[in-house]
Amino acid sequence: MAPVLSTLRPRTVLGVAGLALTIYVNYARRTMHNLDPSDAAAGGSGSAAERKNRAANGRASGNSANRVGVNARFIAQMKRLLPILVPSPVSREAGLLAALAAVLFARTWLDVWFSSLNSSVVHSIVSRNKRGFIGKAIIEFGTVMWVLSFVNNSLKLCISNLSLAFRKRLTRYAHDQYLNGLTFYKAANIDSRLQNIDQLLTQDIEKLCDSASTLIGDLAKPVIDIGLFGYKLGQAIGKESPIFMISYFLFSGVVLRSLSPPFGKYTAVEQRLEGDYRFTHSRIIAHNEEIAFYGGADREKTLVNASFDRIVRHASRVINLKFANGIIDSVFVKYLATMLAYYLLARPVFDPAHASPLMGGSADPTKIMEDYSRNSSYLVNLSQAVGRIILAGRDLTRFAGYTSRVAELFDVLDDLNNGRYQSTMVSGDEKQTGKSKVIDSKVLGGEVEIQDGVIAFDKVPLMTPNGDVLVKELSFRIQAGQNTLLTGPNGAGKSSAFRVLCDLWPLFGGKVTKPHGNNSVFFVPQKPYLALGTLRDQVIYPDTREQALAKGLTDEKLLEILDVVRLKYLVSREGGWDSVQDWGSALSGGEKQRVAMARLFYHRPAFAVLDESTSATSMDAEGIMYEHARELGITLFTVSHRTSLFKYHDFLLKFDGEGGYEFTPLDHSGEVNPFAFGHGKSQYAAKEAVRGEDEDESAADDEASA
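Residues numbered from 1 in each chain as written. Predicted model: local features only at pLDDT ≥ 70, side-chain atom pairs only at ≥ 80, totals over all residues. Heavy atoms only, no water.

Colleague: Lay out the overall build of the chain with the relevant residues and their values.
Modeller: Along the backbone of the chain there are 23 helices and 12 strands. Within the chain, buried positions represent 42% of all 706 residues. The contacts in the chain between residues at least 6 apart in sequence include a share of 75% that link residues at least 24 apart. (Helix = DSSP H or I, 4+ residues; strand = E, 2+ residues; numbered from the N terminus. Buried < 20%, exposed > 50% of the residue type's maximum accessible area, 1.4 Å probe, protein only. Contact = heavy atoms within 4.5 Å.)

Colleague: How would you explain the sheet that holds strand β4 (residues 454–463) if you had to name every residue and give the values?
Modeller: Strands sit in the order β3-β7-β4-β5 across an open sheet of four strands; the sheet is mixed. Strand pairing shows two members of the sheet lacking a second neighbour, β3 (447–450) and β5 (469–479), which therefore form its edges. This sheet shows a mean twist of 20° between the axes of neighbouring strands, independent of strand direction. Relative to β5, β4 runs antiparallel, the two being bridged by seven bridges. Within β5, the residue paired with I455 across the bridge is I478. (Pairing = 2+ DSSP bridges. Axes fitted to C-alpha atoms, helices over the stretch in contact; angles between N-to-C directions.)

Colleague: Please provide a residue-by-residue account of the packing of helix α6 (residues 92–126) against helix α7 (residues 130–178), values included.
Modeller: Between α6 and α7, the shortest axis-to-axis distance is 9 Å and the interhelical angle comes to 160°. When the axis of α6 is compared with that of α7, the two are roughly antiparallel. Crossing of α6 against α7: the hand is left-handed. (Parallel < 35°, antiparallel > 145°, perpendicular 65-115°, else oblique. Left-handed = near helix turned anticlockwise from the far one by under 90°.)

Colleague: How would you sum up the packing of helix α11 (residues 263–286) against helix α13 (residues 297–350)? Please name residues and give values.
Modeller: As a packed pair, α11 and α13 sit with axes 10 Å apart at the nearest point and diverge in direction by 160°. Viewed along their axes, α11 and α13 adopt a mutual orientation that is roughly antiparallel. Judged by the twist between their axes, the crossing of α11 over α13 is left-handed. Residue-level contacts link F263, Y266, V269, E270, L273, E274, D276, Y277, T280, H281, R283 and I284 of α11 to E300, V304, S307, F308, R310, I311, H314, V318, L321, K322 and N325 of α13. Class assignment for the residues of the contact of α11 with α13 results in 11 nonpolar, five polar and seven charged. (Nonpolar A, V, L, I, M, F, W, Y, C, P; charged D, E, K, R; others polar.)

Colleague: Which residues make up a nonpolar patch on the surface, and what are the values?
Modeller: Together, F323, I327, V331, Y335, L336 and M339 give the surface a local cluster of nonpolar side chains, amounting to about 610 Å² of exposed area. The residue F323 is located in helix α13 in this model. For F323, a relative accessible area of 59% gives the class exposed. (Patch = residues over 30% accessible without salt bridge, like charges linked within 9 Å, V, L, I, M, F, W, Y side chains within 5 Å. Areas by Shrake-Rupley, 256 points an atom, 1.4 Å probe, with all protein chains shown as cover. Salt bridge = Lys/Arg side-chain N within 4 Å of Asp/Glu carboxyl O.)

Colleague: Run through the sheet that holds strand β11 (residues 651–655), naming residues and quoting values.
Modeller: Within the open sheet, the six strands sit side by side as β8-β9-β10-β6-β11-β12. Their pairing is mixed. Either end of the sheet is taken by a strand with one partner, and the two such strands are β8 (521–524) and β12 (661–665). Across the sheet, the mean angle separating the axes of adjacent strands is 15° when strand polarity is ignored. In terms of strand pairing, β8 meets strand β9 (residues 607–611) through four bridges, oriented parallel. Its bridge partner lying in β9, V524 is registered against L610.

Colleague: Give me the lowdown on the nonpolar core, citing residues and values where you can.
Modeller: Membership of the largest hydrophobic core comes to 78 residues, with the highest contact counts inside it found for L170, F410, F457, L462, L474 and F637. Sort the elements by how many residues they give to this core and α7 lands first, with 12 residues. When residues no more than four places from it in sequence are discounted, the contact partners of L462 are F457, D468, V469, L470, V471, L474, G493, S496, A497, V500 and F655. Core analysis: the next-biggest nonpolar cluster, separate from the first, contains 35 residues, V564, L610, M625 and L645 among them. (Core = buried A, V, L, I, M, F, W, Y, C linked by side-chain atoms within 4.5 Å.)

Colleague: Tell me about α11, residues and numbers included.
Modeller: Given a rise of 1.5 Å per residue, 24 residues ought to cover 34 Å, and the 34 Å separating the end C-alpha atoms of α11 matches this to within 8%. Taken as a whole, α11 has its buried residues at F263, G264, K265, Y266, T267, A268, V269, Q271, R272, L273, G275 and T280. (Expected span 1.5 Å × (residues − 1).)

Colleague: Report on the packing of aromatic side chains, specifying residues and quantitative values.
Modeller: For the structure shown, the criterion picks out 13 aromatic pairs. Ring centres 5.0 Å apart and planes at 15° place the aromatic pair F457 and F476 in the stacked group. A residue pair is termed long-range when its members are at least 10 positions apart, and F457 in strand β4 and F476 in strand β5 qualify at 19 residues. The residues F457 and F476 share a single accessibility class, namely buried. Here F651 and F663 contribute two aromatic rings whose centre-to-centre distance is 5.4 Å and whose plane-to-plane angle is 10°, an arrangement assigned as stacked. Of the two residues, F651 sits in strand β11 while F663 sits in strand β12, which places them 12 residues apart along the sequence. (Phe/Tyr/Trp six-rings, centres within 6.5 Å; stacked < 30°, edge-to-face > 60°.)

Colleague: Would you mind going over unusual backbone geometry in detail, with residue names and values included?
Modeller: With omega at 5°, the peptide bond leading from Y541 into P542 counts as cis. Phi at N196 is positive, roughly 55°, even though this residue is not glycine. Secondary-structure assignment places N196 in the loop between α8 (183–189) and α9 (197–237). A positive phi angle is found at R566, which is not glycine, with a value near 65°. Locating R566 in the fold gives a position in the loop between α18 (555–564) and α19 (569–573). Taking the relative accessible area as the measure of exposure, R566 reaches 42% and is therefore partly exposed.

Colleague: Tell me what's going on with helix α21 (residues 589–603), and back it up with residues and numbers.
Modeller: For α21, with 15 residues, the first-to-last C-alpha span of 22 Å sits near the 21 Å given by 1.5 Å per residue. Counting buried residues in α21 gives 13 out of 15 residues, a clear majority hidden from the surface. Positive phi appears at R604, one or two residues downstream of α21, with a value of about 50°.

Colleague: Lay out the pairing of strand β6 (residues 484–487) with the relevant residues and their values.
Modeller: Of the two faces of β6, the one carrying T484 and L486 and the one carrying L485 and T487 are both buried. Here β6 runs beside strand β10 (residues 635–639); their pairing, made up of three bridges, is parallel. Following the sheet pairing, L486 is matched in β10 by V639. Of the pairings in the sheet, the one linking β6 to β11 comprises four bridges and is parallel in character.

Colleague: Which residues make up the environment of A480, and what values do they have?
Modeller: Take A480: it is sitting in the loop between β5 and β6. Residues A480 and L636, spaced 156 residues apart in sequence, show a C-alpha to C-alpha distance of 9.1 Å. Dropping the residues within four chain positions of it, A480 is found in contact with G453, F607 and T635.

This is the structure:
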């Protein structure tokens, strides 16, 4: 084979290289077309027209995946993330970076020493100098190998600790932003930009920190290597030799960048697909009972497999693309560079004009072998250093993918903390419906007045965050001590009013009057939230034990509260206040609701919203709890369909489900049914119907005149 290859002419070699490049470019273009981010995100489903519309919408909305890469946007994102990762020059992260730099310098110095040692060993072998061989290969190397081992493992230690420190900084910052006030609710229910936020907060931050710490070492080490080995090589075979090598690598870097696919964009797409796949499994866990009743295992398996298949298709194409790209990288970075290295090393031997005392200056074959061994080691290390910097560009684009996702997370959290959100709006105009719009809740026009002892709505529109109008104008006023019953069909606006009251939803207009303090209005849902922790934590949530003791509520006081809701037996049954259980499974449905009522009595707010919170509780226990709430001075807003609760309320707020409502004193005579929801028969609905008919007649007259 070797004699045959040696007969090849340069023209033949260039022809083969050109053919290989042509094949690679065509293959890369075809694969990148199949890796279109909009198709990957949608699983490639739908017709060609639908995929085209998805791609157009992605471009119109500024899909971040289309802009992922080492560009101005990436630099801006890093400027924002760096102060979080390294907050000050005296921080632990800055110290780890300094330690990493010192270890990298020591590692490079040891590489230079090893190159000299290797040349001395070669000289001893060629000259048959046994004493010199033992002195270098056994004694000197046996002594320094402990330093080599320490430095190499110190490098791993610094990188691992740096990654952990970065993750701690980013995660704590993300938690501060995400769990600030109501931001966590708005990120999941109001803003439409973040999908699978749990993956962003866990896996994506971890991968970003791992990639950042590794990339620092991969970039810093070659820079130090280039400086030291370039200096040593310039002394041996001429100052222009390192310049030739570096210039070649810069040229090859430009060529490879023009041929390299956008792997950073594909990394962002892959993480999004991984998040979708994880979400399909989390849905099964969250809704396992409903799926079991429907017998939907096969259907869910189809959905899960389809989501996983999208990951496999995308990953398979990226792997094949990396394989083809790796071939081109190896040719330019390794093999062509090796050809140039052969020439630079042999030039001082064959051309006396370029000879030096460290290469080609002696006719002794032993000396030539020693010099060649040392200088080739210098050159190999220099070439590898420049090659690593060039190939690090590909790792940098992958790092840009992680940076893009984490930076987008922080951008959205900042917007939400500043009152801005983006959602797909609902509008009467078909051209505007379905388009994303940025809403600034601070300039919507709504007014909030703080006044203790009263909750009032004055011409407040009940609108979902995406602009769907439930009630055009809602007005009512409740003083402390006036319990109110809310009725109406699902989706009429009962719970929506309290979402606006508690700042979960934006206030689009009108005036809301409410008491001072975030804890002045307490919400008790039908399915109460049970926290991780002890039995005591279930009653005092979200307070801690220290906060409860500061309020003077000892375990004896808490036991009295449990006695009110008929749950005193739980303490002994579950093993005491400090018992830790899976409370969602340990308690029955009625017990969970009574624990939530005990939590209400513990906090004793001025107002409380009970949303079907006693539906699984017996009527006698229900009556005791309502009477106790009145004794504590808690004003109740109750969403319920139980007639047994009429006597505990003074006012009725009834929604008809058509945009209308009635707010009246509650009639305890039984002549008025609070649960009768006539379609189109409320006063509001009748007015709207007449107004609609007038508008239709006017439009018809205008059309006839035209």
